[in-house]
Every structure is written in structure tokens, then in C-alpha cells.
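Here's the letter readout for the chains.
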Amino acid sequence: MTTSPATTVKRLAVAATAIALVTAVAVVATRDTAAAGGVSSVAASIPVRSMPTVRGSEVAILTAAPNVPPPITRDYATKVIVNLESVEKTMKLADGVDYTFWTFGGTVPGSFIRIREGDEVEFTMGNHHTSTVPHNIDLHAVTGPGGGAKASLTMPGGESVFTFTALNPGLYVYHCAVAPVPAHIANGMYGLILVEPKEGLPKVDHEFYVMQSEFYTTGKYGEKGLQTLDMEKGIAEQPTYVVFNGAVGALTGDNALQAKVGETVRLFVGNGGPNLTSSFHVIGEIFDNVYTEGGSVAQHNVQTTAIPAGGSSMVEFRVEAPGELVIVDHSIFRAFNKGALGILNVSGKQQDKVFAAVKGIGVNDKGGH
């Protein structure tokens, strides 16, 4: 097929325009690099962090989910001493179902750690003498090899010590990183560490610690008795259970979270994985602020937020009507068939301007208390 002279001219014109655009971009990039003294404008936006002056010392307050240590009120960096022990223990996974969990601090998820940007942390990792294998810890908040994993490798009955400075604020996952890493995580070895920014976090009425994870058991969902890890299910990424805070029902019934109408709530949400991404959602609420992936930038008016395995998110909202708010992974079979469901119980006077049942089966159940 012969190309006409007019078509050839048009193609050459398009090619010339593209070359000119690429050249212009290159010139701008070169100019920006030169202006920054040889460092590109993108690289120049990465901060250079200085080591702050450290005053005094304190022992970290560690809490079990859903509780969170109190906000940090000091306006300076200090030396924070963290003592955390790995413990292997049999606990409830679901009604009539037990599991031998590998834990940090004796709970799943592991203890919540709260420090401040610039703090110097002295971390003592213990491994209970009854443990059957070595354990360690990889904290995603650590700048350094393995997040501390190699330095913290600890045999049963031993302990290891390492130090680090909390350079970056944010909400970070920690987990065990001893081979086989997937088995240690699948057995329950994960938790959250919050590095508060220097200026602190805005005050809220309630803070809660929620962490999603999966369990891959040899038995089917709900099969009674002591269950163990099925590595083949883990490799196939086919969990038997997907839960919040280590067990089916950990955030329901007497364990439901509590708030009152008009109060503000902050959820520190982590995903221990080891495989799935969470579609985190609270039925009946809209997140006013979502700090995606545990970082510093907030999105607003969000319905559902994705939290990757090994990642986190901080969500904030005001509860404006009474009733049961249902916390779910909106990959919805996980919520209603595998256990990823919790309750935030909001008490207080009915707010008809916010929500009112007018006609229907549920008209007499306004959700108030």
C-alpha cells in the first residue's frame, strides 16, 4: 500500500512535535537539577533529618488490643525503653476452636507501642523459655538492616537488645522475620508501632487498636478442637479465618467498642496479612479523615480504605447517631463467612435529623439506647 505525500508530511510533523516536547522536558529537568546544585528537584524534596537532643528516659507503656497507650504529651525527644517478649500459647480462635499462637507480649495482635518522632529507642526482645523456635522482630518504623530483625534474633530463654532512632512519623506494622517468615506471621506474630509526629496528633475522645489477619488451619471453618497451621492453604492464599484482633468475635458482644453520640473516634488499623489486602469499612459511618497507609497526608469523606498486608491506616470520624456500627472487611464473604466483623456500639439520644426509620419492619428499632 502506497502512502500519499500528504500523509507522510503529517506523520513527520507529529514526530517533530513529540521530539520537541521531550527536549523541552529534558531542558526543564536539567535546569532544575542545576538550580539545586546537581540534585534533581524530586530528590531535593526528600528531607535531611538531624538527630535531636535526647532528654531523660522512660519505659514504654504497652497495651493489648483494642486498647492504646495514652497520647504523648512531652515536647522533646527522650530515650524510650521497650521490653517485649515472644510467647507461644494456646488460645481461642473461635467458639470451640483453639490454636497455638506465636505472639508478641502474649496477645494477638502484639502489644501496641507508642513513641514520638525523634525518640531514641532501646528495644529488648525476649523469647520465653517455653518457646519451641527462635523469634525476632522487624519493625517497619526502623531505619536500618532488616528493621532490627538480624539484631533481635533470639533463642528460647534468651534476649537481644538493639537501639534505633524514630526518624519518620507514622503508623507502622511490626512482625517476626525468622524463616520460614510466612509461618511466623501466620501464627500471630505482628502488631503496630505508632511514631507520633513532633507536634502530636489532634485530640479525640476514643482511640482503638484494630488489626486484621488470616489463619490457615488444617480443619474447616468452625471445626472444633486444637487447630494447627496448614502451610499449603497459606501458599494457596486460601485462609480458613479472616479476623480482627486475633479471633472470631474479638470485637463483638461484651468486647464491642464503645462510644457516645457526638464523640470522636480514631482507629489505628493494621493488616498483619500474611496475604490479603483489607477493604476496611465501617457500616453506617463515613471516615472524616483517612491517613492512607499510615502516612501523614489525610483524605477526607472516605467510605472504604484499602490496607495492604504489612500496612496500616489511621481513620477518624465523629459518631453522630446511636446504634451498632459494623466493622468489616468489605471483601464481604470474609466478614460474614470467615470472621472479619466487629461492632462499635454508639449510645445516646436518637438523632432523627441525622437518621430516622420512617416505615418498614425496622421502624420501631431506631438503634438508640
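See above for the structure.
Residues numbered from 1 in each chain as written. Predicted model: local features only at pLDDT ≥ 70, side-chain atom pairs only at ≥ 80, totals over all residues. Heavy atoms only, no water.

Draft legend 1. Summary view of the overall build of the chain. A count of helical and extended segments in the chain gives 5 helices and 21 strands. Counting only residues that meet the buried cut, the chain has 44% of its 369 residues in that class. When contacts within the chain are restricted to residue pairs at least 6 apart in sequence, those whose partners lie at least 24 apart make up 69%. (Helix = DSSP H or I, 4+ residues; strand = E, 2+ residues; numbered from the N terminus. Buried < 20%, exposed > 50% of the residue type's maximum accessible area, 1.4 Å probe, protein only. Contact = heavy atoms within 4.5 Å.)

Draft legend 2. The sheet that holds strand β17 (residues 298-302), seen in detail. Reading across the sheet, the 6 strands line up as β12-β10-β14-β19-β16-β17 and stay open at both edges, with mixed pairing between neighbours. Strands with a single pairing partner mark the edges of an open sheet, and in this sheet they are β12 (241-244) and β17. In this sheet, adjacent strand axes meet at a mean angle of 20 degrees when their direction is disregarded. Pairing analysis gives 4 bridges linking strand β16 (residues 287-291) to β17, with the strands arranged antiparallel. Bridging across to β17, tyrosine 291 finds its partner in alanine 298. (Pairing = 2+ DSSP bridges. Axes fitted to C-alpha atoms, helices over the stretch in contact; angles between N-to-C directions.)

Draft legend 3. Expanded view of the side chain of histidine 184. In this structure, histidine 184 sits in helix α3 (residues 181-186). Polar side-chain contacts of histidine 184 include one of 3.2 Å to the side chain of histidine 135. Other than its neighbours up to four places away in sequence, histidine 184 contacts Trp102, Val133, Pro134, His135, Cys176, Val178, Ala179 and Met189. (Polar contact = N/O pair within 3.5 Å; in protein donor to acceptor, adjacent residues only side chain to side chain.)

Draft legend 4. Quick look at the side chain of histidine 175. Following the sequence through the fold, histidine 175 ends up in strand β8 (residues 170-175). Its relative accessible area of 12% is what places histidine 175 among the buried residues. Of the polar contacts made by the side chain of histidine 175, one reaches the side chain of histidine 140; its length is 3.2 Å.

Draft legend 5. Layout of the sheet that holds β8. Ordered by their spatial adjacency, 4 strands build an open sheet running β4-β9-β8-β6, and the pairing between neighbours is mixed. Both outer strands of the open sheet, β4 (113-116) and β6 (138-139), are each paired with one neighbouring strand and no more. As paired elements, β4 and strand β9 (residues 190-196) share 4 bridges and run parallel to each other. Bridging from a neighbouring strand, arginine 116 pairs with glutamate 196 of β9.

Draft legend 6. A look at the environment of glutamate 159. If you trace the backbone, glutamate 159 turns up in strand β7 (residues 159-165). Judged by relative accessible area, which is 58%, glutamate 159 ranks as exposed. Aside from chain neighbours lying at most four places away, what touches glutamate 159 is Thr124, Met125, Gly126 and Thr154.

Draft legend 7. The packing of aromatic side chains, seen in detail. Evaluation of the coordinates by the stated rule reveals 12 aromatic pairs. The interplanar angle of 80 degrees and the centroid separation of 6.1 Å between the aromatic rings of phenylalanine 244 and phenylalanine 280 together place this pair among those described as edge-to-face. With phenylalanine 244 in strand β12 and phenylalanine 280 in strand β15 (residues 278-283), this pair connects stretches of sequence that are 36 residues apart. For phenylalanine 244, a relative accessible area of 2% puts it in the buried group. The rings of Phe244, Phe280, Phe287 and Phe317 are connected pair by pair, giving a single aromatic cluster. Above the ring of tyrosine 76, the side-chain terminus of arginine 55 is found at 3.9 Å from the ring centroid. (Phe/Tyr/Trp six-rings, centres within 6.5 Å; stacked < 30°, edge-to-face > 60°. Lys NZ or Arg CZ within 6 Å of the ring centre and 35° of its normal.)

Draft legend 8. Representation of the layout of surface pockets in the model. Computed from the structure, the largest pocket encloses a volume of approximately 340 Å³. In this structure, the largest pocket is lined by 17 residues; those nearest its centre are Gly284, Glu285, Ala321, Leu325 and Val354. For the lining of the largest pocket, the residue count by class is 8 nonpolar, 3 polar and 6 charged. A volume near 250 Å³ is recorded for the second largest pocket. (1 Å grid on protein atoms, 1.4 Å probe; cavity = no way out; pocket = protein on both sides within 12 Å on 5 of 7 lines; lining within 4 Å. Points joined across faces, edges and corners; volume = space filled by probe spheres on them. Nonpolar A, V, L, I, M, F, W, Y, C, P; charged D, E, K, R; others polar.)

Draft legend 9. Examining the pattern of salt bridges more closely. Throughout the structure, instances matching the rule amount to 9 salt bridges. Taking the shortest distance from any N to any O, the salt bridge between arginine 74 and aspartate 119 comes out at 2.7 Å. Taken together, the residues span a long stretch of sequence, with arginine 74 in the loop between β1 (54-59) and β2 (77-94) and aspartate 119 in the loop between β4 and β5 (120-127) at a distance of 45 residues. With respect to class, arginine 74 is no different from aspartate 119; both count as buried. Linked by salt bridges that have partners in common, Arg114, Glu196, Glu207, Arg266 and Glu316 make up one network. (Salt bridge = Lys/Arg side-chain N within 4 Å of Asp/Glu carboxyl O.)

Draft legend 10. How the structure looks around a nonpolar patch on the surface. A contiguous nonpolar patch, built from Ile283, Ile332, Phe333 and Phe336 and spanning about 410 Å² of accessible area, is present on the exposed surface. On the secondary structure map, isoleucine 332 appears in the loop between β20 (323-329) and α5 (333-337). (Patch = residues over 30% accessible without salt bridge, like charges linked within 9 Å, V, L, I, M, F, W, Y side chains within 5 Å. Areas by Shrake-Rupley, 256 points an atom, 1.4 Å probe, with all protein chains shown as cover.)

Draft legend 11. Main features of the pairing of β16. Adjacent in sequence and paired antiparallel, β16 and β17 are bridged by 6 residues, among which glutamate 293 carries a positive phi angle near 55 degrees. Alignment of β16 against strand β19 (residues 311-318), held across 3 bridges, turns out to be antiparallel. Residue valine 290 lies in a different strand from β19, and its bridge partner there is valine 315.

Worth remembering: the numbers are spatial, not functional.
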